[in-house]
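Each chain is listed here by its residues.
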Amino acid sequence: MQKFNYKDSGVDIAEGNALVESLKGLVKSTFNANVLGGIGSFSGAYALPSGYKEPVILAATDGVGTKLRLAIDYGILDSVGIDLVAMCVNDLICNFATPLFFLDYYATGKLDKNKALEVIKGITQGCLEAECALIGGETAEMPGMYEGKDFDLAGFAVGIGEKEIVQRENQAKAGDVLIALPSSGIHSNGYSLVRKILSQNKIDLEANFDGKPLIQTLLTPTKIYVKTFKKLQNKIKALAHITGGGIIENLPRCLPNNLDALIKENQIKTLPIFDLLTKYTEETDKYRTFNMGVGMIFVCSQEDADFVAKESQGYILGELTKGNHEIKFV
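Thresholds applied
Residues numbered from 1 in each chain as written. Predicted model: local features only at pLDDT ≥ 70, side-chain atom pairs only at ≥ 80, totals over all residues. Heavy atoms only, no water. UniProt positions renumbered as here; feature names shortened; annotations may be inferred. Helix = DSSP H or I, 4+ residues; strand = E, 2+ residues; numbered from the N terminus. Buried < 20%, exposed > 50% of the residue type's maximum accessible area, 1.4 Å probe, protein only. Polar contact = N/O pair within 3.5 Å; in protein donor to acceptor, adjacent residues only side chain to side chain. Contact = heavy atoms within 4.5 Å. Salt bridge = Lys/Arg side-chain N within 4 Å of Asp/Glu carboxyl O. Core = buried A, V, L, I, M, F, W, Y, C linked by side-chain atoms within 4.5 Å. Domains from an automatic or database assignment. Pairing = 2+ DSSP bridges. Axes fitted to C-alpha atoms, helices over the stretch in contact; angles between N-to-C directions. 1 Å grid on protein atoms, 1.4 Å probe; cavity = no way out; pocket = protein on both sides within 12 Å on 5 of 7 lines; lining within 4 Å. Points joined across faces, edges and corners; volume = space filled by probe spheres on them. Nonpolar A, V, L, I, M, F, W, Y, C, P; charged D, E, K, R; others polar.

Looking at an unreviewed UniProt entry, the chain carries the name Phosphoribosylformylglycinamidine cyclo-ligase, with the source organism given as Helicobacter canadensis MIT 98-5491. Its UniProt record gives the chain the following Pathway (unreviewed entry) comment, quoted word for word: "Purine metabolism; IMP biosynthesis via de novo pathway; 5-amino-1-(5-phospho-D-ribosyl)imidazole from N(2)-formyl-N(1)-(5-phospho-D-ribosyl)glycinamide: step 2/2."

Engineer: Mind laying out the side chain of Thr-108, listing which residues take part and the relevant values?
Structural biologist: With respect to the secondary-structure elements, Thr-108 resides in strand 4 (residues 98-108). Classification of Thr-108 as buried rests on a relative accessible area of 2%. A polar contact of 3.0 Å, which involves the side chain of Thr-108, links it to the backbone oxygen of Asp-150. Excluding anything up to four places from it in sequence, Thr-108 contacts Ala-140, Glu-141, Met-142, Tyr-146, Asp-150 and Phe-151.

Engineer: Help me get a handle on the pattern of salt bridges, residues and values and all.
Structural biologist: On inspection of all chains with the given rule, the structure shows 13 salt bridges. Lys-227 is paired through a salt bridge with Glu-129; the nearest N and O atoms lie 3.8 Å apart. One end of the pair, Lys-227, is in helix 8 (residues 226-232); the other, Glu-129, is in helix 4 (residues 113-130), and 98 residues separate them in sequence. Under the relative-accessibility criterion, Lys-227 is labelled partly exposed at 39%. The salt bridge involving Glu-131 is made with Lys-230; its shortest N-O contact spans 2.8 Å. Highlighted residues: Glu-131 in the loop between helix 4 and strand 5 (133-141) and Lys-230 in helix 8, separated in sequence by 99 residues. Its relative accessible area of 39% is what places Glu-131 among the partly exposed residues. Taken together, the salt bridges that share partners define one network made up of Arg-69, Asp-73 and Asp-150.

Engineer: Run through the nonpolar core, naming residues and quoting values.
Structural biologist: One finds Phe-102, Leu-218 and Leu-251 to be the most contacted residues of the largest nonpolar core, which totals 93 residues. Take this core: its biggest share by element is eight residues, from helix 3 (residues 80-92). A domain-level breakdown of this core finds at least three residues from each of domain 1 (6-40 + 52-167) and domain 2 (176-329). When residues no more than four places from it in sequence are discounted, the contact partners of Leu-251 are Leu-178, Ala-240, Ile-242, Ala-261, Ile-263, Ile-297 and Ile-327. Ranked by size, the runner-up nonpolar core spans eight residues in total, among them Val-35, Ala-133, Val-158 and Ile-160.

Engineer: A description of the UniProt feature "domain: PurM-like C-terminal" (unreviewed entry) in the chain should follow, citing residues and the corresponding values.
Structural biologist: Here, the residues flagged by UniProt with the feature "domain: PurM-like C-terminal" (unreviewed entry) are residues 173-326. Within residues 173-326, the helical portion is 31% and the strand portion 22%, while the C-alpha atoms at the span's ends are 14 Å from each other.

Engineer: Provide a residue-level description of the sheet that holds strand 5, including the pertinent values.
Structural biologist: One open sheet accounts for four strands, arranged 3-6-4-5; its pairing is mixed. In this open sheet, the two edge strands, each paired with only one partner strand, are strand 3 (55-62) and strand 5. Between one strand axis and the next, the sheet turns through 15° on average, direction left out of account. Against the sheet, helix 3 engages strand 3, strand 4 and strand 6 (151-162), with an angle of about 30° to strand 6.

Engineer: Help me get a handle on the environment of Phe-4, residues and values and all.
Structural biologist: Relative to the elements of secondary structure, Phe-4 occurs in the segment before helix 1 (13-28). Classification of Phe-4 as exposed rests on a relative accessible area of 61%. Placed 315 residues apart in sequence, Phe-4 and Glu-319 show a C-alpha to C-alpha distance of 66 Å.

Engineer: Go over the layout of surface pockets with me, naming the residues and quoting the values.
Structural biologist: The calculated volume of the largest pocket comes to roughly 710 Å³. Lining the largest pocket are 29 residues; nearest its centre among them are Val-20, Ile-39, Gly-137, Glu-138 and Thr-139. Taken together, the elements giving at least two residues each to the lining of the largest pocket come down to helix 1, strand 4 and strand 5. The element that contributes the greatest number of residues to the lining of the largest pocket is strand 5, accounting for eight residues. In terms of residue class, the lining of the largest pocket is built from 15 nonpolar, ten polar and four charged. There is about 380 Å³ of room inside the second largest pocket. Lining the second largest pocket we find 18 residues, and of these Cys-94, Asn-95, Leu-239, Arg-253 and Cys-254 sit closest to its centre. Of all the secondary-structure elements, those providing two or more residues to the lining of the second largest pocket are helix 5 (163-166) and strand 10 (238-241). Element by element, the count of residues in the lining of the second largest pocket is highest for strand 10, at four residues. Grouping the amino acids of the lining of the second largest pocket by side-chain chemistry returns eight nonpolar, five polar and five charged.

And the structure:
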């Protein structure tokens with residue numbers, strides 16, 4: 001009878017242990033005074049910050065989607081970790097929560113310590129930008145579930161907010177102004193359509209596009225808006241993260257049912273990558289699939305609009321009017 005060890009099945013415990021040792025310094029760089037303990041326990045501990053009257057905990061989870069397919073195929077792994085953090089923390093701030101800490105899950109068929117370390121470096125970079133601590137994670141080696149160099153990522157962000165603000169009635173009203181915060185690119189949504197467009201039209205991803213290889217533009221990491229939110233949260237009535245579903249589906253999520261959003265379409269500062277993609281996209285899909293250059297939308301009063309636009313490095317996109325919870329491009 002033949003006997004086997006764990007490595008025979010495709011799981012290399014030594015490689016996993018080596019990864020943990022290599023990433024300890026990276027992870028600790030994200031720690032602040034609220035992180036309790038170190039790395040290697042069964043869970044991460046974080047002390048709640050003081051200064052809240054009735055603190056409530058909010059949580060968000062997300063992945064990077066099929067953007068990972070491009071990153072894996074072209075061996076560009078240093079930015080997808082930023083995407084992972086961004087997709088979670090940008091959701092948290094839409095409920096007026098300040099991100100506290102982050103956890104990641106990395107699953108692969110065969111662990112390559114160096115490639116995993118590249119990804120985790122991106123995660124720590126994202127956490128530093130979001131001013132939250134990376135207090136834990138899991139690396140799963142699962143032969144038979146993933147083939148070759150494939151892997152998948154999931155992220156989990158936890159934040160804190162004031163109960164009266166989180167639960168308050170929506171503050172937006174007719175006459176309020178919409179402020180568009182520019183995206184850095186496609187962010188992390190719509191890549192199944194992006195990849196379909198690229199393959200069907202045999203577009204060379206290594207060809208020059210806007211001064212650099214197209215693949216680099218396609219893998220530009222998602223912008224993180226946490227610092228901007230923290231700076232301006234007292235001037236913001238509502239905010240929407242423009243992810244899957246685009247402006248059409250995400251903006252209504254932060255508005256009362258009796259308001260319409262009037263968007264001046266000619267005001268949208270569309271990036272060159274969207275000029276390329278929308279040549280091959282149904283007109284009805286472009287604002288429902290892509291962010292079209294708008295990564296976040298703030299709602300504020302008319303009195304605060306110019307200040308918020310300037311301080312957020314954004315611009316006025318439109319306004320709210322009485323209506324039936326519709327997005328109208330004018």
